[in-house]
Amino acid sequence: MTNTQNIPADKLVRVTFQPEGKTVEFEYGTMPYDHHGKPMSFLDVAENFDVFLDHACGGSCACTTCHLWIKEGDAGISEADDDEIDRLDMAADQQLNSRLGCQAVITRPGTYVVEIPKWNRNYVSEGKPLTLAEGK
Ligand code: FES
């Protein structure tokens, strides 16, 4: 977690990625764009803070590997456009709170909790996929 002592409360963005429970915090409007997904998308946040969120298409709304469930903070997140809605229809385990991590953008300070579905949980948290065949 970053040092949040100097961030005014009304500018604080707090994002928790479940099921790991990793929480990251930063000042709204200061996070650099990591060139993955839309700026200030959950994928952008994940990439900035070394949280592994798969993104096979690079964040261009052309796959469903960045699928997330929004658990908290829905009111502060951009609405899904038609392209995202069409793409989400192809996602496994789609729920009412499903979004694509590369398309769902944080639009204001606040607290956000998202859950990465289980097919992405086969990866360890610090950005490295598990190796199934150890160097053989
Ligand atoms: S990374 Fe492919 S749709 Fe989000």
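Residues numbered from 1 in each chain as written. Predicted model: local features only at pLDDT ≥ 70, side-chain atom pairs only at ≥ 80, totals over all residues.

Which parts of the structure should I look at to understand the sheet that holds strand E4 (residues 98-100)?
Paired through their backbone hydrogen bonds, the strands of a sheet run either parallel or antiparallel. Ordered in space as E2-E1-E5-E3-E4, the five strands form an open sheet in which the pairing is mixed. Both outer strands of the open sheet, strand E2 (22-27) and E4, are each paired with one neighbouring strand and no more. Recorded for the sheet is a direction-independent mean angle of 35° between the axes of neighbouring strands. (Pairing = 2+ DSSP bridges. Helix = DSSP H or I, 4+ residues; strand = E, 2+ residues; numbered from the N terminus. Axes fitted to C-alpha atoms, helices over the stretch in contact; angles between N-to-C directions.)

Help me understand the nonpolar core, please; the structure alone is not making it clear to me.
A general feature of soluble globular proteins is that nonpolar side chains tend to end up buried together. Grouped together as the largest cluster of nonpolar side chains are 23 residues, with contacts concentrated most on Val15, Phe17, Phe42, Leu43, Ala46, Leu53 and Cys66. Of all elements in the fold, only strand E1 (12-18), E2, helix H1 (42-48) and strand E5 (110-115) reach the threshold of two or more residues within this core. The element best represented in this core is H1, accounting for four residues. Beyond its immediate sequence surroundings of up to four residues, Val15 is in contact with Thr23, Val24, Val45 and Tyr112. (Core = buried A, V, L, I, M, F, W, Y, C linked by C-beta atoms within 7 Å. Buried ≥ 20, exposed ≤ 12 C-beta atoms within 10 Å, placed from the backbone. Contact = placed C-beta atoms within 7 Å.)

How should I be thinking about the environment of Ala104 in this particular structure?
Positionally, Ala104 belongs in the loop between E4 and E5. Residue classification places Ala104 among the buried positions, given that 27 C-beta atoms sit within 10 Å. Along the chain, Ala104 and Ser41 lie 63 residues apart, while their C-alpha atoms are 5.2 Å from each other. Those residues within four positions of Ala104 in sequence are excluded, and the remaining contacts are Ser41, Phe42, Ile77, Ser78 and Arg99.

Help me out: how do you make sense of the confidence of the model for the chain in this one?
Regions with low pLDDT carry predicted coordinates that are not meant to be interpreted in detail. Predicted confidence across the chain gives a mean pLDDT of 88, with 84% of residues reaching 70 or more. Counted against residues more than four places away or in other chains, residues 123-128, with its pLDDT under 50, gives eleven contacts. (pLDDT = per-residue confidence, 0-100.)

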